[in-house]
Structures are given as C-alpha cells and as structure tokens.
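This is what each chain is made of:
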Amino acid sequence: MGLGTERDYLKAYETYKKYEEAPHYYRDGVAWARLKIALLYLKEDYTDENGRDATFWFNKAAEM
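Below you will find a few notes about this structure. (Residues numbered from 1 in each chain as written. Predicted model: local features only at pLDDT ≥ 70, side-chain atom pairs only at ≥ 80, totals over all residues. Heavy atoms only, no water.)

## Notes on the overall build of the protein chain
And step 1. Secondary structure summary: the protein chain contains three helices and zero strands in total.
And step 2. Counting helices and strands in the order they occur from the N terminus, the protein chain gives α-α-α.
And step 3. Residue burial in the protein chain is summarised as follows: out of 64 residues, 31% are buried.
And step 4. In the protein chain, the share of contacts with a sequence separation of at least 24, taken over all contacts with a separation of at least 6, comes to 43%.
And step 5. Accessible surface, the protein chain: about 4,900 Å² in total, of which carbon and sulfur atoms supply 51%. (Helix = DSSP H or I, 4+ residues; strand = E, 2+ residues; numbered from the N terminus. Buried < 20%, exposed > 50% of the residue type's maximum accessible area, 1.4 Å probe, protein only. Contact = heavy atoms within 4.5 Å. Areas by Shrake-Rupley, 256 points an atom, 1.4 Å probe, with all protein chains shown as cover.)

What follows is the structure, encoded as structure tokens:
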C-alpha cells in the first residue's frame, strides 16, 4: 500500500461508523454504511480476522 493509504481507510471507516451508529439521523444510510465498512475490511490485507469482520458487517447490512 502507498504512503497514507492506511490513514485513508481509517478516515473512511470513522465516517461510515458515524452513519452506522446514528440510525435515527441517517436511517437510509445505515445499510449502505455497513456495506461500505465490510468492503473496507476486504480491501485491507486479507486475513482470517478481516474476513470475519467483513462477514459480520455484510450480515449487519443484510438485516436492514
């Protein structure tokens, strides 16, 4: 990964978590935010832990 890439992922994750944690404000964006969080985990260097985290967020998005 290039210089600063990790920081971009962290910033994106924090932004999507704001949507996910405030469904009463961003109701329409919650499933979208959960999906984007799952995709961020898959874009990271793939590990079993990242795969489990991505699966968790894909399932949370599907609950909506």
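## Things to note about the environment of K60
And step 1. Inspection of the secondary structure assignment puts K60 in helix α3 (residues 48–62).
And step 2. For K60, the contacting residues outside a window of four places in its chain are E20 and R34.

## Quick notes on the packing of helix α2 (residues 30–43) against α3
And step 1. Between α2 and α3, the shortest axis-to-axis distance is 8 Å and the interhelical angle comes to 165 degrees. If you check the angle between α2 and α3, you find them roughly antiparallel. Pair α2 / α3 crosses with left-handed handedness. Across the interface between the two elements, A31, R34, L35, I37, A38, L39, Y41 and L42 from α2 touch N50, D53, A54, W57, F58, K60 and A61 from α3.
And step 2. Classifying every residue of the contact of α2 with α3 gives 11 nonpolar, one polar and three charged. (Axes fitted to C-alpha atoms, helices over the stretch in contact; angles between N-to-C directions. Parallel < 35°, antiparallel > 145°, perpendicular 65-115°, else oblique. Left-handed = near helix turned anticlockwise from the far one by under 90°. Nonpolar A, V, L, I, M, F, W, Y, C, P; charged D, E, K, R; others polar.)

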